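# Observations on the model geometry
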Amino acid sequence: ATNRLSLEPFLWAEAVTHFARAMGSARSGDVARSRKDIEKLESLQDALVKAKDSYWVKQVDIQRRVASAWYLRAENKNDEALELMKSAADLEDSTDKHPVTPAPIQPARELLGEMLLELGNPSQALKEFEVSHRVEPNRFRGLYGAAKAAQKSGDREKAHLYYAKLISLCERADADRPELKEAKTFLADK
């Protein structure tokens, strides 16, 4: 027997890289690049199945579904994209987070909210952001998304609540992000 280091424990880490690239490529319109990274996620998922690592098989499946949904969105296949995005969010909701691993880069349910917001359904987007807050509270993008969805759906009270939470979350930040400027402008306009 040899003392060869197995790389199998690091397949999940490689998957995170391909997930991030697939998402960035899809959201910036580079569908060919996105497709390549989604294919790599599929092969990593297959390798994890062979390694009998059921926890990471599920996690990579969630990443693959999310990235594929945004790929479909970039291809203007919006109904298919939403269906796949909902399945990813539901799968993520049904899994427990491993106690010593990182959380998702961005929760699937939060990304579902962003997709719904992009597709002009702010009321449903708000609901998805609020569901995401139960598991992943006080996330910058989640609070901003909820505030934007509330504002676009005409719920000024909730928009005020989420913009105020966003400002509070960043009160010691040294950057002035556009989202914070938008929040401050909304809160100043009573």
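Counting restarts for each chain, with residues numbered from 1 along the sequence as it is written. Under the rules for a predicted model, residues below a pLDDT of 70 receive no local features and side-chain atom pairs below 80 are neither given nor counted, while totals for whole chains, interfaces and linings still include all residues. Note that water and hydrogens are dropped before the side-chain values are worked out from all heavy atoms of the structure.

### Comments concerning helix α2 (residues 31-50)
Counted only if it meets this: Labels follow the DSSP assignment, with helices taken as runs of H or I lasting at least four residues and strands as runs of E lasting at least two, numbered in each case from the N terminus. To estimate the expected span of a helix, subtract one from its residue number and multiply by 1.5 Å. When accessible area is computed with a 1.4 Å probe and restricted to protein chains, residues below 20% of their type maximum are described as buried, those above 50% as exposed, and intermediate ones as partly exposed. Each C-beta atom gives one direction from the helix axis, and the arc is the one those directions make. Only heavy atoms matter for contacts: two residues are in contact if any of them lie within 4.5 Å across the pair.
The end-to-end C-alpha distance of α2 is 29 Å, a good match for the 28 Å that 20 residues give at a rise of 1.5 Å each. By the burial criterion, the buried members of α2 are S34, D37, I38, L41, L44, Q45 and L48. Angular distribution of buried residues about the axis of α2 spans 115 degrees; they occupy a single face of the element. Structural note: α2 exposes K36 and K50 on the side pointing more than 90 degrees away from its buried face. Those residues of α2 that are buried are in contact with α1 (11-27) and α3 (54-74). Backbone geometry just after α2 places K52 at a positive phi near 60 degrees.

### As for the side chain of E130
What counts here: What qualifies as a polar contact is a pair of N or O atoms within 3.5 Å, subject to a donor-acceptor requirement within protein and to the restriction that residues adjacent in sequence count only when both atoms come from side chains.
Mapped onto the fold, E130 is located in helix α6 (residues 122-135). Judged by relative accessible area, E130 falls into the buried class, the value being 19%. Within the structure, the side chain of E130 is placed 3.0 Å from the side chain of K158, a separation counted as a polar contact. Aside from chain neighbours lying at most four places away, what touches E130 is K158 and Y162.

### Section: α6
If you check α6, its first and last C-alpha atoms are 21 Å apart, about what 14 residues at 1.5 Å a residue would give, namely 20 Å. By the burial criterion, the buried members of α6 are P122, A125, L126, E128, F129, E130, S132 and H133. Among the structural elements, α5 (108-118), α7 (140-152) and α8 (156-169) are those in contact with the buried residues of α6.

### Here we look at the nonpolar core
Within soluble globular proteins, side chains that are nonpolar tend to cluster in buried spots. Rules: Here, nonpolar core means buried Ala, Val, Leu, Ile, Met, Phe, Trp, Tyr and Cys residues that are tied together by side-chain atoms lying within 4.5 Å of each other.
Of all hydrophobic cores here, the largest spans 51 residues; its most connected members are V66, W70, M85 and Y163. With near-sequence residues (within four places) excluded, W70 lies in contact with M23, A26, R27, M85, L111, E114, M115 and E118.

### Things to note about the confidence of the model for the protein
Close inspection of predicted coordinates is inappropriate for parts of the model with low pLDDT. Heads up, the condition is: You can read pLDDT as the predictor saying how much it trusts each residue, on a scale of 0 to 100.
On average, residues of the protein score 91 in pLDDT, and 91% of them are at 70 or above. Contacts from residues 1-6, a stretch scored under 50 in pLDDT, to residues over four places away or in other chains number zero contacts.

### Let's talk about the pattern of salt bridges
The test is simple: When a carboxyl oxygen of Asp or Glu is within 4 Å of a side-chain nitrogen of Lys or Arg, the pair counts as a salt bridge.
In total, this model carries 19 salt bridges according to the counting rule given. Here R65 and D61 are joined by a salt bridge, their closest N and O atoms 3.1 Å apart. Pair noted here: R65 and D61 are both in helix α3, with a separation of four residues, about one helical turn. Overlapping salt bridges, with partners in common, bring together R27, R73, E114, E118 and R141 in one network.

### Some points on the packing of α3 against helix α4 (residues 78-93)
Applicable threshold: To define axes, lines are fitted to C-alpha atoms, for helices over the stretch in contact only, and angles between the resulting N-to-C directions are given on a 0 to 180 degree scale. Roughly parallel here means an angle under 35 degrees, roughly antiparallel means over 145, roughly perpendicular means 65 to 115, and every remaining angle is called oblique. Handedness of a crossing follows from how the near helix is turned relative to the far one, being left-handed for an anticlockwise turn of less than a right angle and right-handed for a clockwise one. As a working rule, the residues Ala, Val, Leu, Ile, Met, Phe, Trp, Tyr, Cys and Pro are called nonpolar, Asp, Glu, Lys and Arg charged, and the rest polar, with Gly in that last group.
For the pair α3 and α4, the least separation of the axes is 8 Å and the interaxial angle reads 160 degrees. The angle between α3 and α4 falls in the class roughly antiparallel. The handedness of the crossing between α3 and α4 is left-handed. For the pair α3 and α4, the contacting residues are K58, D61, I62, R65, V66, S68, A69, W70, L72 and R73 in the first and N78, E80, A81, L84, M85, S87, A88, L91 and E92 in the second. Counted by class, the contact of α3 with α4 contains ten nonpolar, three polar and six charged residues.

### What about the packing of aromatic side chains?
Test applied: Aromatic contacts are taken between Phe, Tyr and Trp rings whose centres are within 6.5 Å, Trp giving its six-membered ring; a plane angle under 30 degrees counts as stacked, one over 60 as edge-to-face, and the others as tilted.
Across all of its chains, the model carries three aromatic pairs by this definition. With a centroid separation of 4.8 Å and an interplanar angle of 15 degrees, the aromatic rings of W12 and W56 are classed as stacked. Of this pair, W12 sits in helix α1 while W56 sits in helix α3; the two residues are 44 residues apart in sequence, bridging distant segments of the chain. Centroid distance Y163 to F186: 5.0 Å. Interplanar angle 45 degrees. Geometry classified as tilted. Of this pair, Y163 sits in helix α8 while F186 sits in helix α9 (residues 178-188), and the two are 23 residues apart along the sequence. For Y163, a relative accessible area of 0% translates into the label buried. Taking relative accessible area as the criterion, F186 reaches 8% and is therefore assigned buried.

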